[in-house]
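Descriptive structure summary
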Amino acid sequence: MHLARFPRLHLAHLPTPLEPMDRLSKALGGPRLFIKRDDCTGMSTGGNKTRKLEFLMGEAEALGADTVITQGATQSNHVRQTAAFCARLGLDCHAVLEDRTGIPGPDYNDNGNVLLDHLHGATLSHVPGGSDMNAAMEEVAARLKAAGKRPYIIPGGGSNPVGALGYANCALELVHQANERSLAVGLIVHATGSAGTQAGLVAGLHAINAQIPLLGIGVRAPRAKQEENVFALAQATAEKIGAPPVPREMVVANTDYVGEGYGIPNAGTIEAIEMFAQLEGILLDPVYSGKGAAGLIDLVRRGVIGKEETVVFVHTGGSAGLFGYRTAFAGADTTAKAA
Ligand SMILES: *Cc1c(COP(=O)(O)O)cnc(C)c1O
């Protein structure tokens, strides 16, 4: 694979660090845990969408777009990073936000990522949960085209073969870092949602024949659906980069940690966020990385991930979302005590 063949804007802070998590490893009495800091990609508090957007926005620019349209849930990290890219490039940004969780109140609906979307100058429109989001984006596109604009549509999560190139590149980067320090990685774990991250990693790992197993921890869809989505996108991405067809068994998702549903943290999510915060000084998020880490922690505790293993957790970002979930955390409401 030779990714220089694709349009790309080099705006991410790369390579992201690969760091040991010694205190968490010790607390779990278990595997050697490392963290790939894709929360540190640099664009508006960072996150995994930045790697995808380097390629997506590269294509938008190559096509002469003056406006970008995308979509996500209210507290979408993808929308926030897209809005930041648009600000950086001087493009208009229109985002359709879906009320996917129905969580009421100003923390969730106005703070966190939503605050940052506004700050970056994005135009937001809101639709009810369950709306046809692609149709909603097409409507915005039709309106803007009629007004003489040249819109470029980015799918939810930036998950198409162009966006997934960012994670094929991450696979190269991670394996190179591990090689340089003679770290034989036995497993890579990360949160999987719209599938682009896992699909890109699978395609990239396969292209370089790294033979490192990858486990996606689901945050929304049931297992069969999630694996189907990832596999389809991994195949398309492999084809795009000229890699051999991806074997189906490379795509593994565990969706046991979704809890009540997308964007609803449960006790395991909160525990994982608090453990990372208090043992490693690292901020996870309540929608994605907190659930991914909850899966990692539980699988270690249950011995599914062996104590002798060397595991890399890819931190996909999202900490801006914490401010939308203030009341999910103990001790957050000090006004009650003060009263
Ligand atoms: C979008 C997102 C994910 C999931 O990545 P996909 O490519 O959509 O599967 C994981 N973590 C965070 C913080 C995200 O914003």
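Our subject is the structure listed above.
My aim in this report is to walk through the structure given alongside it, one point at a time. Note that the coordinates shown come from a computational prediction; the quantities given were computed from them, not determined experimentally. Residue numbering note: each chain is counted from 1, following its sequence as written. Given that the model is predicted, a residue must reach a pLDDT of at least 70 before its local features are reported, and side-chain atom pairs must reach 80 or more before they are shown or counted; all residues, however, enter totals for whole chains, interfaces and linings. Side-chain metrics in this entry use all non-hydrogen atoms of the structure; hydrogen atoms and water are not considered.

Remarks on the overall build of the chain
Applicable threshold: Every helix listed is a DSSP run of H or I at least four residues long, and every strand listed is a run of E at least two residues long, numbered separately from the N terminus. Restricting the calculation to C-alpha atoms gives the radius of gyration, and the globule rule supplies 2.2 Å times the number of residues raised to the power 0.38. Buried residues are those whose accessible area, probed at 1.4 Å on protein chains only, stays under 20% of the maximum for their type, while exposed residues exceed 50% and partly exposed ones sit between those limits. What makes two residues a contact is simply this: any of their non-hydrogen atoms within 4.5 Å.
Helix and strand counts for the chain stand at twelve helices and ten strands. Expected size for 339 residues packed as a compact globule is a radius of gyration near 20 Å; at 19 Å, the chain falls within 12% of this value. Principal-axis analysis of the C-alpha atoms places the extent of the chain at approximately 65 × 60 × 35 Å. Out of the 339 residues belonging to the chain, those deemed buried represent 57%. Within the chain, counting contacts between residues at least 6 apart in sequence, those at least 24 apart form 81% of the total.

Notes on the site of the ligand
The line we're drawing: Throughout, the term near means that a residue has one or more heavy atoms lying within 4 Å of the molecule or strand in question. Under this definition, polar contacts are N or O atom pairs within 3.5 Å; protein pairs additionally need one hydrogen-donor-capable and one acceptor-capable atom, and for neighbouring residues in sequence, both atoms have to be side-chain atoms. Surface exposure here means Shrake-Rupley accessible area, sampled with a 1.4 Å probe, where a residue is shielded only by the protein chains that are shown. When residues are grouped by polarity, Ala, Val, Leu, Ile, Met, Phe, Trp, Tyr, Cys and Pro land in nonpolar, Asp, Glu, Lys and Arg in charged, and all others, Gly among them, in polar.
Close to the ligand lie 17 residues; Lys 49, Lys 52, Gly 193, Ser 194 and Thr 316 are nearest. Ala 195 is positioned such that a nitrogen or oxygen atom in its backbone is 2.9 Å from an oxygen atom of the ligand. Contact between the ligand and Thr 316: a nitrogen atom at 2.6 Å from a side-chain N or O atom of the residue. Taken by itself the ligand offers 380 Å² of open surface, and the protein chains cover 98% of this. Only α2 (49–62), β7 (187–192) and α8 (196–207) provide two or more residues apiece to the shell around the ligand. Taken together, the residues of the shell around the ligand break down into three nonpolar, eleven polar and three charged.

Overview of the environment of Glu 227
For Glu 227, the position within the fold is in helix α9 (residues 223–241). With 48 residues separating them in the primary sequence, Glu 227 and Asn 179 have C-alpha atoms 29 Å apart. Those residues in contact with Glu 227, other than ones at most four positions away along the chain, are Arg 248, Val 251, Val 252 and Ala 253.

Structural notes on the packing of aromatic side chains
Formally: Between rings of Phe, Tyr and Trp, where Trp is taken as its six-membered ring, a pair exists when centres lie within 6.5 Å; planes separated by under 30 degrees are stacked, by over 60 edge-to-face, and by other angles tilted.
Overall, the coordinates contain three aromatic pairs when judged by the stated rule. Centre to centre, the rings of Tyr 108 and Tyr 325 are 5.5 Å apart; their planes meet at 85 degrees, and the pair counts as edge-to-face. Placement of the pair is Tyr 108 in helix α4 (residues 106–110) and Tyr 325 in the loop between β10 (310–315) and α12 (334–338), with a sequence separation of 217 residues. Taken individually, Tyr 108 and Tyr 325 each receive the classification buried, so the pair is uniform in this respect. Ring geometry for Tyr 262 against Tyr 288: centres 5.9 Å apart, planes inclined by 75 degrees, an arrangement best described as edge-to-face.

Side note on α8
Quick reminder: α-helices carry 3.6 residues per turn. Residues three or four places apart thus point the same way. This is how it is decided: Expected span of a helix: the number of residues minus one, times 1.5 Å.
Between its terminal C-alpha atoms α8 stretches 16 Å, which fits the 16 Å expected from twelve residues at 1.5 Å a residue. Along α8, the residues classified as buried are Gly 196, Thr 197, Gln 198, Ala 199, Gly 200, Leu 201, Val 202, Ala 203, Gly 204, Leu 205 and His 206. On its buried face, α8 is in contact with α2, α7 (161–180), β7, β8 (214–218) and α9. Directly after α8, the chain includes Asn 209, whose backbone phi takes a positive value near 55 degrees.

Brief notes about the environment of Ile 241
Mapping Ile 241 onto the fold places it in helix α9. What Ile 241 contacts, discounting residues up to four positions off in sequence, is Met 1, Leu 3, Phe 6, Leu 165, Ala 168, Ala 203 and Ala 207.

A word on the sheet that holds β10
Selection rule: One bridge is not enough; two strands pair if DSSP finds at least two bridges between them.
What the six strands build is an open sheet, ordered β1-β2-β10-β7-β8-β9; its pairing is mixed. Of all strands in the sheet, those with a lone pairing partner are β1 (18–20) and β9 (253–254), marking the two edges. One ladder, built from six bridges, connects strand β2 (residues 32–37) with β10; its direction is parallel. Along β10, the bridge assignment pairs Arg 37 with His 315.

Overview of unusual backbone geometry
Across residues other than glycine, the phi torsion is negative in most instances, and most of the peptide bonds are trans. For the bond running from Leu 14 to Pro 15, omega is -5 degrees, close enough to zero to count as cis. Position of Pro 15 relative to the elements: it lies in the segment before β1. Of note in the backbone geometry, Thr 45 takes a positive phi value of approximately 75 degrees without being a glycine.

Focus: the pattern of salt bridges
Here is the rule: The term salt bridge refers to a side-chain nitrogen of Lys or Arg lying within 4 Å of a carboxyl oxygen of Asp or Glu.
Going through the model one piece at a time under the given rule, you end up with 14 salt bridges. The salt bridge partner of Arg 51 is Asp 38, with a shortest N-O separation of 2.7 Å. A residue pair is termed long-range when its members are at least 10 positions apart, and Arg 51 in helix α2 and Asp 38 in the loop between β2 and α2 qualify at 13 residues. Comparing Arg 51 with Asp 38, the two get one shared label, buried. With a closest N to O distance of 2.9 Å, Arg 302 and Asp 298 form a salt bridge.

As for the sheet that holds strand β6 (residues 151–153)
The strands that make up a sheet pair up through hydrogen bonds in the backbone, lying either parallel or antiparallel. Selection rule: Orientation is described by lines fitted to C-alpha atoms, with helices fitted over the stretch in contact, and by angles between N-to-C directions that extend from 0 to 180 degrees.
Spatial strand order, β5-β4-β3-β6: four strands in an open sheet with parallel pairing. Every interior strand has two partners, whereas the edge strands, β5 (123–128) and β6, have only one. Each neighbouring strand pair of the sheet contributes to a mean axis angle of 25 degrees, computed without reference to strand direction. Bridge count for strand β4 (residues 92–99) against β5 is six bridges, and the pairing is parallel. Among the inter-strand pairings, Val 96 is bridged to a residue of β5, identified as Ser 125. Against the sheet, helix α6 (residues 133–146) touches β3 (67–73), β4, β5 and β6, its axis set at about 155 degrees to β3.

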